[in-house]
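Close look at the chain arrangement
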Amino acid sequence: MLADRLKTLAPSPTLAMQAKAKAMRAQGIDVISFGAGEPDFDTPRRIKDAAIRAIDSGQTKYTEVGGIPELRAAVCQKLKRDNGLDYASDEVTVSCGAKHTLYNIVMTLVNPGDEVLIPSPYWVSYPEQVRLLGGVPVPVQTREATRFDLDPAELRRAVTPRTKMIILDSPGNPTGAVFSPEALAEVARLAVERDLWVVSDECYEALTYEGRHVSIASLGSDIKARTIVVNTCSKAYAMTGWRIGYAAGPKAIIKAMTDVQSQVTSNPTSIAQWAAVEALSGPQEEIAKMAGEFDRRRRVIVEGLNAMPGVTCVMPKGAFYAFPNVSGLFGKRAKGGVLRTSSDVCGFLLDEARIATVAGVDFGSDAHIRLSYATGLETIREGLERMDAAVRALAA
Ligand SMILES: Cc1ncc(COP(=O)(O)O)c(C=O)c1O
């Protein structure tokens, strides 16, 4: 019945875990969720007010497919202000969240059989989107020893005549890696040399705790001409539900992405677009406050994880995820059986510690699990205590 392209499609495991934890809570079971992929803060008042003003003033109709001119201008200003990047408004397009933006890019650039290099561990949607459209995702390993920095030599070895694109995610989900400027510069050289497209997913830019966020597009005109920068209002402004993501890149590609969108969704919600204008161009102080709070939580969670027997965790440099290595628990016996995989560990933690986490296997590493620290400090401490007790019981 279903189309062939659905044969390999895996539904989003992060959303599945959230649903499972929610269902357990509905049954009265006290589950602590480390599954969230979104800030636990509320959307700032000034942004909500802009949306209310948009409704009251009748901004409730179809808009330009790629976003109202005011929003594209606000995106251009943001890219100039934060990234030192110059784009004209016809080099920018707005979609229903960055996930949608990324899908439009793959649709626009990847032919069936084209290979797309994806540093691994990776965000789950990259390989799925590529596969859905007939492309071949090629994971390229990054390592804990370098805090999951890009390995340009390994990327170079993975390039073949079929390679079309590299997807970079920095700060990264799930590893929290912030790619070093040196590695980015080498990847830029590789892309220019081998005529590759670079997608630079900068959705967690605002949540960079160590080092400074650098967009690969800012490293020179050659690389800018073959890069599509992707960003979103979701994480920096706690606007995940509003669904506003955007891309900046060469005009012909932006136009093609907008043409695709014109046949699929049309414009992103008009009201959310006006909220995004305010988000991007209004005062930016809330970001630093939110990032400061995430930074505190990052230290608490990583310290707690490293104190557990059989668990080691590198300090993430950005985003809001800890990605501990739990392979030290493999071979130990839990009630449900011997732990052999990241999914076993997540199942054990849900059953025994009543904490929801996400298995690393879906992100390209079966040695790890992902814990989001986009939840209050007290909840993090309580969750860590439960996990610690469960893991120690195993060890004993
Ligand atoms: C790495 C990465 N890119 C893109 C997105 C998509 O964000 P949105 O579609 O809400 O803009 C996410 C969301 O979790 C993400 O983790």
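Further up the page is the structure itself.
Remember, predicted model here, so these are calculated numbers, not experimental data.

Re the site of the ligand
Every one of the 14 residues lining the ligand counts as a neighbour, but A98, D201, T232, S234 and K235 are closest to it. Here an oxygen atom of the ligand sits 3.0 Å away from a polar atom, N or O, in the main chain of K99. Residue composition of the shell around the ligand, grouped by class: 5 nonpolar, 4 polar and 5 charged.

Quick look at the pattern of salt bridges
Taken as a whole and assessed by the stated rule, the structure comprises 32 salt bridges. Taking the shortest distance from any N to any O, the salt bridge between R143 and D151 comes out at 3.8 Å. E193 is the salt-bridge partner of R156, the closest N and O atoms lying 2.8 Å from each other. Taken together, the positions of R156 in helix α6 (residues 152–158) and E193 in helix α7 (residues 181–193) put the pair 37 residues apart, joining distant regions of the chain.

Some details on the pairing of strand β4 (residues 136–141)
Bridging between strand β3 (residues 115–120) and β4 involves 6 bridges; their strand directions are parallel. Of the residues in β4, the one forming a bridge with S120 is Q141. Running through helix α5 (residues 125–132), the crossover from β3 to the neighbouring parallel element β4 is right-handed.

What to know about the nonpolar core
With 96 residues, the main nonpolar core has M165, L168, I301, L305 and M387 as its most contacted residues. Those residues in contact with M387 that sit more than four places away from it in its chain are L305, M308, V311, L349, A353, I355, I369 and L371. Counting residues in hydrophobic clusters, the runner-up holds 28 residues, among them L71, A217, A279 and L280.

Considerations on the side chain of R297
Following the sequence through the fold, R297 ends up in helix α11 (residues 285–306). Those residues in contact with R297 that sit more than four places away from it in its chain are D40, F41, Y373, A374, T375, G376, L377 and I380.

So, the packing of aromatic side chains
Counted by the stated rule, this structure contains 9 aromatic pairs. Pairing W123 with Y126 gives two aromatic rings, centres 5.3 Å apart and planes at 80 degrees, and the pair type is edge-to-face. For the residue pair W123 and Y126, the accessibility class agrees, reading buried in each case. For the pair Y204 and F320, a centre-to-centre distance of 5.4 Å together with 85 degrees between the ring planes defines the contact as edge-to-face. Taken together, the positions of Y204 in the loop between β6 (197–201) and α8 (221–224) and F320 in the loop between α11 and β9 (321–322) put the pair 116 residues apart, joining distant regions of the chain. Each of the two residues, Y204 as well as F320, counts as buried. Taken together, F41, Y204, F294, F320, Y321 and Y373 form an aromatic cluster joined through their ring pairs. Here the guanidinium or amino end of K224 rests over the ring plane of Y87, the centre of that ring lying 4.3 Å away.

How each quantity is defined
Residues numbered from 1 in each chain as written. Predicted model: local features only at pLDDT ≥ 70, side-chain atom pairs only at ≥ 80, totals over all residues. Heavy atoms only, no water. Near = heavy atom within 4 Å. Polar contact = N/O pair within 3.5 Å; in protein donor to acceptor, adjacent residues only side chain to side chain. Nonpolar A, V, L, I, M, F, W, Y, C, P; charged D, E, K, R; others polar. Salt bridge = Lys/Arg side-chain N within 4 Å of Asp/Glu carboxyl O. Helix = DSSP H or I, 4+ residues; strand = E, 2+ residues; numbered from the N terminus. Pairing = 2+ DSSP bridges. Right-handed = clockwise from strand over helix to strand, strands pointing away. Core = buried A, V, L, I, M, F, W, Y, C linked by side-chain atoms within 4.5 Å. Buried < 20%, exposed > 50% of the residue type's maximum accessible area, 1.4 Å probe, protein only. Contact = heavy atoms within 4.5 Å. Phe/Tyr/Trp six-rings, centres within 6.5 Å; stacked < 30°, edge-to-face > 60°. Lys NZ or Arg CZ within 6 Å of the ring centre and 35° of its normal.

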